[in-house]
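The residues making up each chain are set out below.
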Amino acid sequence: MSETKISAKELRSFSQQIFEAAGVNSIDAEYATDVLIWASLRGVDTHGIRNLKRYYIDTAGGVGRRDGVICFGAELTTDYESPTTAALNANYGLGLSVSVRAMNLAIKKANETGVGIVSVRNSTHFGPAGYFAHMAAQQDMLGFASTGYLFANGQPKSVVPFGGLLPMLSTNPLAMACPGANGPDFVLDMATSVVPVNRVEMLEELGKAIPAGWSLDENHQTTDNPDKVQKMEPLGGATTYGGHKGFGLAVAGWILTGLISGAWRTNPHSDRVLGDNSETKHGFAQEGIAHSFAAVRLDQFGDPAFIKQGLDAMTQTFNDSPAAPGFDRVIIPGQLEAETEVERHENGIPLSPSTAADLRSLSEEFGIPLKIQALA
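Presented here is a report on the structure given in the accompanying data block. (Residues numbered from 1 in each chain as written. Predicted model: local features only at pLDDT ≥ 70, side-chain atom pairs only at ≥ 80, totals over all residues. Heavy atoms only, no water.)

### Let's talk about the layout of surface pockets
Moving on, step 1. For the largest pocket, the calculated volume is near 900 Å³.
Moving on, step 2. Around the largest pocket, the lining is made up of 47 residues, and of these His47, Pro173, Asp189, Ala191 and Pro196 lie nearest the centre.
Moving on, step 3. Contributions of two or more residues to the lining of the largest pocket are made by β5 (141-148), β6 (158-159), β8 (186-190), α6 (197-205) and α9 (335-347).
Moving on, step 4. In terms of residue class, the lining of the largest pocket is made up of 24 nonpolar, 14 polar and nine charged. (1 Å grid on protein atoms, 1.4 Å probe; cavity = no way out; pocket = protein on both sides within 12 Å on 5 of 7 lines; lining within 4 Å. Points joined across faces, edges and corners; volume = space filled by probe spheres on them. Helix = DSSP H or I, 4+ residues; strand = E, 2+ residues; numbered from the N terminus. Nonpolar A, V, L, I, M, F, W, Y, C, P; charged D, E, K, R; others polar.)

### A word on empty space enclosed by the protein
Moving on, step 1. Under the definition given, this model contains one cavity of 30 Å³ or more.
Moving on, step 2. Taken as a whole, the largest cavity spans an internal volume of roughly 60 Å³.
Moving on, step 3. Residues belonging to the lining of the largest cavity are distributed by class as follows: seven nonpolar, four polar and one charged.

### Notes on the pattern of salt bridges
Moving on, step 1. Under the defined criterion, the tally for this structure stands at 16 salt bridges.
Moving on, step 2. In this structure, the salt-bridge partner of Arg344 is Asp45, at a minimum N-O distance of 2.9 Å. Within this pair, whereas Arg344 is found in helix α9, its partner Asp45 is found in the loop between α2 (26-41) and α3 (52-60), the two being separated by 299 residues in sequence.
Moving on, step 3. For Arg344, a relative accessible area of 9% puts it in the buried group.
Moving on, step 4. A salt bridge links Arg329 to Glu339; its shortest N-O distance comes to 2.6 Å. Note that Arg329 is positioned in the loop between α8 (304-320) and α9 and Glu339 in helix α9, a separation of ten residues in sequence.
Moving on, step 5. Take Arg329: its relative accessible area is 36%, and that puts it in the partly exposed class. (Salt bridge = Lys/Arg side-chain N within 4 Å of Asp/Glu carboxyl O. Buried < 20%, exposed > 50% of the residue type's maximum accessible area, 1.4 Å probe, protein only.)

### Remarks on helix α5 (residues 129-137)
Moving on, step 1. Burial runs high along α5: nine of the nine residues are buried.
Moving on, step 2. Three or more residues of α5 are buried, namely Ala129, Gly130, Tyr131, Phe132, Ala133, His134, Met135, Ala136 and Ala137.
Moving on, step 3. For α5, the secondary structure elements touched by its buried residues are α2, α4 (95-113), β5, β7 (174-178), β8 and β13 (289-297). (Contact = heavy atoms within 4.5 Å.)

What follows is the structure, encoded as structure tokens:
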């Protein structure tokens, strides 16, 4: 799949320098880099360093992503706050670092009260949801994270509701994490569509077809050509039995993000309503991407050490169970990613030709050296 690789240490330094050269302060540059490197190390390449240029750096200049212009100097402000909750306004800041700050606040509140829940409105793309849930797991907590958007008037390459024709939802991922003792942490990070749009885009870059059942064309027919994708299917399908569950999860995720954060507004700034049509629907439209984060201390339920040992036993129980034909073993969410992280720390992070080209372009644009190696 790739002809080049780069060490995690080199990539981390390069990414942080690029963010800073583009105008991000050093703390937020470090936060944003941590999110992207975490994804790339764990093999979540759709949400890792491949997005540095096109999702974050280019978008700051008003090109690239359809998620709107990122304001690197934006202040993260507070709309509402209680001892256990907070509703924040990102003011169109960098979603990667904004979300680290928001989860840090949720963890702080959980340390003080047992539970912390933080919503964010008016934000931008935040990368892999699992990263933020895992932040809490590393503090002996359960972690939750989600992000969502509702295109009131529809938008190409969005998710159709079950039984509907108009693509209206982003892929609205849900993430949960729970720490293990000696085994891998449980880290579930799932789109509520069959796959995230990023995966279709990545296969398009690689010149590969997409499997049937992932996406639909403009005529609402399944397609294996990423160039013709106009609609993403909810988990379970757009019309087949089971799609109502994926659609329901997508709407639930949106309630936790777009609705309670205040992003779904009666007076949105039109230039921050994403998509081709910024008009309100029944008086409402969504202003910017919205997120939610939660952290719950394990010691609110018992001895954290015992709970983590129990998770290890659960993991081993699944691992010991018989594998179906075509599978080597049964694993839990997050287990393969943890193993990939160890391997990539040791051997480097592989880069697709398009990602390597993007990084070289950034290197030239900002005058920051880049050491990409040929794969052995």
